[in-house]
Number of protein chains: 2
Amino acid sequence: MTDRSTPPTAADVDAAAARLKGVAIRTPLITSPVLDAVTGARVFLKPETLQRTGSFKFRGAYNRLVQIPPELRAAGVVACSSGNHAQGVAAAARMLGMPATIVMPSDAPAMKRQRTRDLGAEVVEYDRATEDRDAIANAIAGPRGAIFVPPYDDPDVMAGQGTVGLEIAQDLAALGFAPDIVSANVSGGGLISGIGLAVKRAFPAARVVAAEPEGFDDHARSFRSGTRERNAAPSGSFCDALLAPTPGILTFQVSSRLVGEGATASDAEVAQAVGFAFRELKLVVEPGGAVALAALLNGRLDAKGKTVVIVLSGGNVDPDTFNACMRA
Amino acid sequence: MTDRSTPPTAADVDAAAARLKGVAIRTPLITSPVLDAVTGARVFLKPETLQRTGSFKFRGAYNRLVQIPPELRAAGVVACSSGNHAQGVAAAARMLGMPATIVMPSDAPAMKRQRTRDLGAEVVEYDRATEDRDAIANAIAGPRGAIFVPPYDDPDVMAGQGTVGLEIAQDLAALGFAPDIVSANVSGGGLISGIGLAVKRAFPAARVVAAEPEGFDDHARSFRSGTRERNAAPSGSFCDALLAPTPGILTFQVSSRLVGEGATASDAEVAQAVGFAFRELKLVVEPGGAVALAALLNGRLDAKGKTVVIVLSGGNVDPDTFNACMRA
């Protein structure tokens, strides 16, 4: 039984990888001569866009849900999410035969709401400005005895996301490379702290960099101050997936130790990165999945001459948004 | 020195693979639980969209150009292409320090013309309805002593494209799978005949299927009649990359023996397949790169219960076209 008040270790990431084997997609590392040429770096992309449900979130959700004892599964799960954790939980729940209810903001991208419903979940919408999503989730979960699945501040969720880092470390080592920099997009910090566990164990000298939207750089500021800082605004970023107000308690225990630095990109730079991915990489990346790429393309990672891994964390983007980015 | 009047063998594909090692991207095989669910098949995608220049065409072009003796390189190369062979030749020529001139129809997608110029090639536009592209190419190549690089009917070009099939065969074998069906999009037949050479050597029982746009099914009709049939119209397909009027002479010598069957998809089905790739696969595929996928999605490959490989041959698509497909 997992102690939910303690962050996971690299060994927990290994255990998560065993649970996810044959269930999650083992996404490849992709290279692009054009990207190498424009950045002067040796870049490997980890396209979690190709993961089940179109983002890395399936990994953590499944690693949490599969450990729920059979006798507790019928009561189902409840989660709050603007869309990617929603789909991850919905997909994992369906595979395990569990009912899932997802509390989603009414301004979440239409595609994310629809895809969550298509995965068989009940979607409860709320107004981000006036309603408290946790209160709604608790009111749903309590009477049913359903289990609440946090989007990041949970050791099993973090360990599941960490398998992204484990695969990066294994595949790079097999290719004979050691990463100088590994950067992923950050909201609550589940992915980046999981990556930190796996990557720093294999490559202690690697820099793990939290990529955040401008104005939502709570991790970078928290690393500098040593305490969990909050973003000024609860919403308003182009990166709808990266709106967590502050680093998680458990995630920050890991990330403050193993990550420790951030990089930002503006909305315009993120849109251009999504357009670059369309034109040059032929990959569909959502804004929140392209911040690390944008930081790299705009010289914020000190990447020249280095071996760099960029995680493209999600690809669930509405046609209207993607259409605008294609021309950015 | 290659005999240009004889089609290549599987051994020539092996030799091409050795020349392309470390130069071309070895594209991964990608799986999608959603695609498996909607088709009832075990599907592996070969995304040549991730290849250098955004299509498989780089493979054949480089395999041809790298065999040009150093003393002949300064005179450069000339090619005719609506866009993907253009970029493949331009990229290979740049890597080998050769000048390249590409004769392109004025109605080729703007992105393809621009990307060919960006790769350093001189682009000469012509009117598809009133001008003869071969005459223009010869008039350019003759005085310069430049070498003409055919888009498909050349043993080195065919062998280069065949490395797509070689990688499919090797990677599937490593995963413990044998393909029942391998399908790729077909214009002049260089890719499908090269795939036939490599795949049928490894898996003699596999069906290799030529995917063609409706109304441009010259290969399927040629397979049935045993002679090289022509398309009724020289243009008018949504699939701008697949407008060759008839199978190549050399390619048909191979494909009539190793391919032997076709499948078609309508323009509307191709647009929907591009939209499916956007929504579910998170891959940018151009119309001509999505015909085999469209044939699969519309039940034309008799794929249920089978192991199927679909080649996504290119991803060079204008934003306007992609925008329309995202909503198809």
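**Topic: the overall build of chain A**
Then, number 1: A tally of regular secondary structure across chain A gives 14 helices and 9 strands.
Then, number 2: Radius of gyration (C-alpha) of chain A: 18 Å, near the 20 Å computed for a compact globule of 328 residues.
Then, number 3: Here the C-alpha coordinates of chain A stretch approximately 55 × 40 × 40 Å along the principal axes.
Then, number 4: For chain A, with 328 residues in total, the buried portion stands at 62%.
Then, number 5: Long-range contacts, defined here as pairs at least 24 residues apart, represent 73% of the contacts in chain A between residues at least 6 apart.
Then, number 6: If you sum the accessible surface of chain A, you get close to 11,200 Å²; carbon and sulfur atoms cover 51% of it.

**A word on the interface of chain A and chain B**
Then, number 1: Taken together, the contact pairs 28 residues of chain A with 28 residues of chain B.
Then, number 2: Both faces considered, chain A and chain B share a buried interface measuring about 2,300 Å² in area, 66% of it formed by carbon and sulfur atoms.
Then, number 3: Taken as a group, A:Phe278, A:Lys282 and A:Val284 account for 27% of the area that chain A buries against chain B, more than any other trio of residues on that side.
Then, number 4: Across the contact surface, chain A and chain B share 4 salt bridges.
Then, number 5: Residue A:Asp320 is joined to B:Arg327 by a salt bridge in which the shortest nitrogen-to-oxygen separation is 2.7 Å.
Then, number 6: Along the contact surface separating chain A from chain B lie 12 residue pairs in polar contact (both at pLDDT 80 or more).

**So, the sheet that holds strand β3 (residues 100–105) of chain B**
Residue and element names in this part refer to chain B.
Then, number 1: Read across the sheet, 4 strands follow the order β4-β3-β2-β5 without closing on themselves; strand pairing throughout is parallel. Strands with a single pairing partner mark the edges of an open sheet, and in this sheet they are β4 (122–126) and β5 (147–148).
Then, number 2: Pairing of strand β2 (residues 77–80) with β5, which is carried by 2 bridges, proceeds in the parallel orientation. Across the sheet, residue Val-78 finds its bridge partner in β5, namely Phe-148.

**Topic: the packing of helix α1 (residues 10–20) of chain A against helix α8 (residues 155–175) of chain A**
Residues and elements named next belong to chain A.
Then, number 1: Packing of α1 against α8 leaves a shortest axis separation of 8 Å and a crossing angle of 90°. For the element pair α1 / α8, the angle class is roughly perpendicular. The residues of α8 that touch α1, namely those facing Asp-12, Val-13, Asp-14, Ala-16, Ala-17 and Leu-20, are Ala-159, Gly-160, Gly-162, Thr-163 and Leu-166.

Procedures and definitions
Residues numbered from 1 in each chain as written. Chains lettered and ligands numbered in written order. Predicted model: local features only at pLDDT ≥ 70, side-chain atom pairs only at ≥ 80, totals over all residues. Heavy atoms only, no water. Helix = DSSP H or I, 4+ residues; strand = E, 2+ residues; numbered from the N terminus. Rg over C-alpha atoms; globule rule 2.2 N^0.38 Å. Buried < 20%, exposed > 50% of the residue type's maximum accessible area, 1.4 Å probe, protein only. Contact = heavy atoms within 4.5 Å. Areas by Shrake-Rupley, 256 points an atom, 1.4 Å probe, with all protein chains shown as cover. Buried area = accessible area lost by both parts, 1.4 Å probe. Salt bridge = Lys/Arg side-chain N within 4 Å of Asp/Glu carboxyl O. Polar contact = N/O pair within 3.5 Å; in protein donor to acceptor, adjacent residues only side chain to side chain. Pairing = 2+ DSSP bridges. Axes fitted to C-alpha atoms, helices over the stretch in contact; angles between N-to-C directions. Parallel < 35°, antiparallel > 145°, perpendicular 65-115°, else oblique.

Fair warning: the whole summary comes from geometry, so function is off the table for now.
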